[in-house]
Structures are given as structure tokens and as C-alpha cells.
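Here's the letter readout for the chains.
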Amino acid sequence: MKKEISLKKILSVIIAVAFIFTLLYVPSFNADAATGTVTNLRWVKTTKKKSTYTVSWTWDPFPGATGYRVVAVDTNNNVLADTIIAENTFSVQTKTKSQKIAFGVYVVDALGVSSEFAAVYGATAPVAPNSIVVWGWKQGTASVNLRWYGLNKTSGYVPTGYEIKTTTLDGKNKKVYKMKSNCSYDASLDDALLEDFTKNIKGCKNAGFKVSIRSYLTGPDGKKMYSDWSKEKAFVPAAQITKAVRTTGGGKAYWKPIKNATGYTIYKRNTATERFIKVKSVGAGTTSVTLPTSCFYDGIVITANVKVKGKTYKSTYMKQFNKYYNYYY
């Protein structure tokens with residue numbers, strides 16, 4: 001079962017872990033060390049040039065400081081910086097996406113290096129979303145529930161939001177939807193953070209569609225850092241069954257056609273295993289079929305393969321996570 005947790009709680013845990021990374025690199029101090037911590041430490045921006053990200057911080061000058069020791073550690077516990085500088089600004093560079101970088105500043109003066117530090121984080125652009133699935137798609141409707149992983153397992157943060165690009169299988173009805181992150185926690189899926197998006201996708205009723213998604217993180221300067229677009233995925237629906245009539249020794253099912261179908265496959269539900277068993281296949285122009293009586297007790301679904309512009313798209317309905325709630329009986 002899915003257990004919902006707040007984004008605030010997720011981020012608070014991540015930040016706490018990130019700051020522990022910096023503590024691993026705290027130097028030895030003596031009683032004569034400097035005292036005090038810098039104020040107004042903040043992440044100011046992240047810029048990208050070619051494949052390299054530059055993450056920058058600044059803070060208010062500390063009275064009497066002769067310099068600052070700065071430490072930067074990424075989500076994978078790699079030390080990106082550990083040095084003493086004179087200025088009250090600093091930047092690190094990395095080519096790694098989806099990194100939350102913990103950054104700490106110690107005051108240096110004539111007595112040495114302070115034992116206390118101020119800390120904040122910075123970040124690079126997110127990775128492309130992955131493992132996109134249709135969680136739910138009721139037959140004969142355009143309402144589709146998509147879910148995906150918005151980050152990889154080593155990410156230090158949840159993206160701010162997403163852009164979801166959809167088209168019909170023929171490339172028409174192009175639309176880009178936007179949404180803020182609404183990630184949820186699902187213990188059954190390797191402790192992954194799942195994003196959840198439900199929309200009436202134009203043109204997909206009784207037809208397939210394609211989707212590609214990219215994520216973004218809004219930096220402190222208000223600029224969005226985008227991931228690459230995910231690889232485009234195609235989905236094909238199940239047919240909407242309009243009637244199923246049991247008769248002596250069998251029965252007959254009727255359905256609405258799927259656009260561009262090259263044929264249909266009928267499955268019956270097995271209550272013992274909660275799986276669907278293939279019963280038979282029929283041709284493209286068929287919209288009714290005679291079936292054994294056993295098919296009409298526990299539920300049936302009818303899938304289709306389709307062909308658009310010379311390309312065949314296999315039915316994806318049997319991979320839909322909650323198909324068990326959409327069968328006909």
C-alpha cells in the first residue's frame with residue numbers, strides 16, 4: 001500500500017543528511033580557534049556551460065575575518081571543495097546532474113579557524129524522469145493516470161515540477177501540460193518517489209498516445225534548470241466493452257473499435273491468481289466475439305495492437321498497474 005509523506009519532510013531529511021556530509025570534513029580545533037559564524041549565507045545561482053554546472057554561494061563579510069574555509073560535498077559524499085579563500089563568494093563545478101551540494105563556511109582569523117560553521121545547499125539540474133507507466137486508464141475515456149520516477153536513487157532533492165508532452169500516435173494533437181511535484185512514497189517500488197499526473201489527454205479516447213516528460217528545478221534566482229526530455233513512450237488502450245451476454249454453453253461480447261487496430265486479443269480474469277489469461281484473437285474489423293461461458297463469470301478485457309503511419313504499436317494495457325479495476329464482467 002502507498003504511504004504518503006510530505007515534500008517538506010523529505011527535504012528536511014535530505015538536508016540533514018547533506019549537512020552530516022560536511023561534518024565528515026571538520027578539521028581539528030584548539031581552544032584558541034576563531035569564534036563566530038558568517039551570516040546571510042545563501043545559494044545564489046546555478047549556471048550551465050556545455051556539460052558543466054557552476055553552483056555559486058555568497059555570504060555577508062564577517063568582521064575581523066582574514067579568510068574563510070569553505071567545504072562543499074555532493075549527495076554521493078564526494079568532496080568538491082575544501083579550501084581557504086579571502087572572498088565572501090565561492091563556486092564549485094560539477095558535471096553530475098541531480099546533485100544537492102551541501103556547502104559550509106568557517107571563519108578564519110588570527111586565532112585560527114572557527115569550530116562553528118554556517119551551512120546551506122545548492123543544486124544542479126535534475127535527471128530526466130524515468131519508468132513512465134500508465135497507472136490507470138478506463139476503457140472508452142480520455143482520462144489517463146500517468147506515474148513516473150522523478151529522480152534517481154542518488155538525488156538529493158525532489159524536482160520543483162514537470163512538463164508532460166503528449167501527442168496522438170500520428171503525431172497530432174500535440175500538447176504540453178505543466179505540473180508541480182506531488183511525489184508520493186511507495187514501499188513496494190524500491191522506496192522510489194513517484195509522481196502522479198491525471199489528465200484528459202486530447203485525442204486518446206479509444207486510440208493510443210505518446211508521452212515524453214522533463215523535470216525542472218527552480219533556482220534561487222527564479223530561473224528553471226531543466227532535465228533532458230525522457231525517451232518518448234507510446235501507450236495503447238483496451239477496448240470499451242459495451243455489452244456481454246451469457247447464453248447456454250457460451251456467450252457473446254461486444255466492444256467499440258480502437259482506432260487503427262490491426263486485431264484484438266481477448267483475456268479472461270483468473271480469480272485465483274488475479275491475472276488475465278489469453279482466450280483468443282480476432283481480426284481488425286471485428287467488434288464482437290463468441291466466448292466460453294467461463295469468460296463471463298470473473299471478468300474480461302480486450303486489447304488491441306494498432307498500426308499508424310506504417311509503425312505497429314503493441315497493446316500496453318496488460319502492463320497497466322490497476323487494470324484489475326477496469327475489466328468488464
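Residues numbered from 1 in each chain as written. Predicted model: local features only at pLDDT ≥ 70, side-chain atom pairs only at ≥ 80, totals over all residues. Heavy atoms only, no water.

**A short note on the overall build of the chain**
Keep this limit in mind: Only DSSP runs of H or I covering at least 4 residues are called helices, and only runs of E covering at least 2 are called strands; the numbering of each starts at the N terminus. When checking whether two residues touch, look at their non-hydrogen atoms; a contact exists if any pair is within 4.5 Å. Only the protein chains shown count as cover for residues, and all accessible areas are computed by the Shrake-Rupley method using a 1.4 Å probe.
Along the backbone of the chain there are two helices and 24 strands. Within the chain, counting contacts between residues at least 6 apart in sequence, those at least 24 apart form 65% of the total. As displayed, the chain offers around 16,400 Å² of accessible surface, 51% of which is attributable to carbon and sulfur atoms.

**What to know about empty space enclosed by the protein**
Convention followed: Buriedness of a pocket was judged along seven lines, with at least five required to meet protein on both sides within 12 Å; pockets are open sets of points on a 1 Å grid over the protein atoms alone, cavities are sets where a 1.4 Å probe fits but cannot get out, and lining residues have an atom within 4 Å of a point. Grid points are joined across faces, edges and corners, and a volume is the space filled by probe spheres set on the points. Polarity classes work like this: nonpolar for Ala, Val, Leu, Ile, Met, Phe, Trp, Tyr, Cys and Pro, charged for Asp, Glu, Lys and Arg, and polar for all others, with Gly in that last group.
Inspection of every chain in the model, using the stated rule, returns one cavity of 30 Å³ or more. Here the largest cavity is characterised by a volume of approximately 70 Å³. Lining the largest cavity are T168, L169, D170, G203, A207, G208, K259, N260 and V308. For the lining of the largest cavity, the residue count by class is three nonpolar, four polar and two charged.

**Focus on the environment of F209**
Structurally, the position occupied by F209 is in strand β15 (residues 209–218). Apart from the residues within four sequence positions on either side, F209 is in contact with V134, W137, V144, L146, T167, T168, L169, I201, C204, K233, A234 and F235.

**Remarks on the nonpolar core**
To be explicit about the condition: Buried Ala, Val, Leu, Ile, Met, Phe, Trp, Tyr and Cys residues that are joined via side-chain atoms within 4.5 Å together make up what is termed a nonpolar core. The classification of residues rests on relative accessible area computed with a 1.4 Å probe and restricted to protein chains. Under 20% of the type maximum is buried, over 50% is exposed, and intermediate values are partly exposed.
Ranked by size, the top nonpolar core spans 25 residues in total, and within it L41, W57, W59 and F103 carry the most contacts. Where this core is concerned, the elements lending two or more residues are β3 (52–58), β4 (67–73), β5 (79–85), β6 (89–94), β7 (100–109) and β8 (112–123). Per-element accounting of this core gives the leading share, four residues, to β7. Residues within four places of L41 in sequence aside, it is in contact with W57, T58, W59, F103, V105, A118, A119 and V120.

**Some remarks on the environment of R147**
Going by this rule: Whenever a nitrogen or oxygen atom comes within 3.5 Å of another N or O atom, the pair is scored as a polar contact, on the condition that within protein one atom can donate a hydrogen and the other can accept it, and that pairs from neighbouring residues in sequence are kept only if both atoms are in side chains.
Within the element layout of this structure, R147 appears in strand β10 (residues 143–149). Residue R147 is classed as buried on the basis of its relative accessible area, which comes to 11%. Once the C-alpha coordinates of R147 and V133 are considered, the two residues, 14 residues apart in sequence, prove to be 5.5 Å apart. Here D196 takes part through its side chain, which lies 3.0 Å from a polar atom of the side chain of R147.

**With respect to the environment of S51**
Following the sequence through the fold, S51 ends up in the loop between β2 (42–49) and β3. Distance in space between the C-alpha atoms of S51 and T96 is 8.7 Å, their sequence separation being 45 residues. Residues contacting S51, with those up to four places away along its chain left out, are T94 and K95.

**Description of the sheet that holds β2**
We apply this condition: Strands were regarded as paired on the criterion that DSSP finds at least two bridges between them. Here the axes come from fitting lines to C-alpha atoms, over the contacting stretch only for helices, and the angles between their N-to-C directions go from 0 to 180 degrees.
A sheet is described by the order of its strands in space; here three strands give the open sequence β2-β3-β6, paired in antiparallel fashion. Lying at the two open borders of the sheet, with one neighbouring strand each, are β2 and β6. Shown here is a sheet whose adjacent strand axes are inclined to one another by a mean of 20 degrees, direction ignored. Here β2 pairs with β3 via seven bridges, running antiparallel. In the sheet register, T46 faces β3, and the bridge partner there is V55.

**Some words on the sheet that holds strand β18 (residues 241–247)**
Strand pairing in a sheet relies on backbone hydrogen bonds, with the paired strands running either antiparallel or parallel. Ordered by their spatial adjacency, three strands build an open sheet running β18-β19-β22, and the pairing between neighbours is antiparallel. Whereas interior strands pair on both sides, the edge strands pair on one side only; in this sheet they are β18 and β22 (288–291). Sheet twist, expressed as the average angle between the axes of neighbouring strands with direction ignored, equals 15 degrees. Note: β18 against strand β19 (residues 250–255), six bridges, orientation antiparallel. In the sheet register, A244 faces β19, and the bridge partner there is A253.

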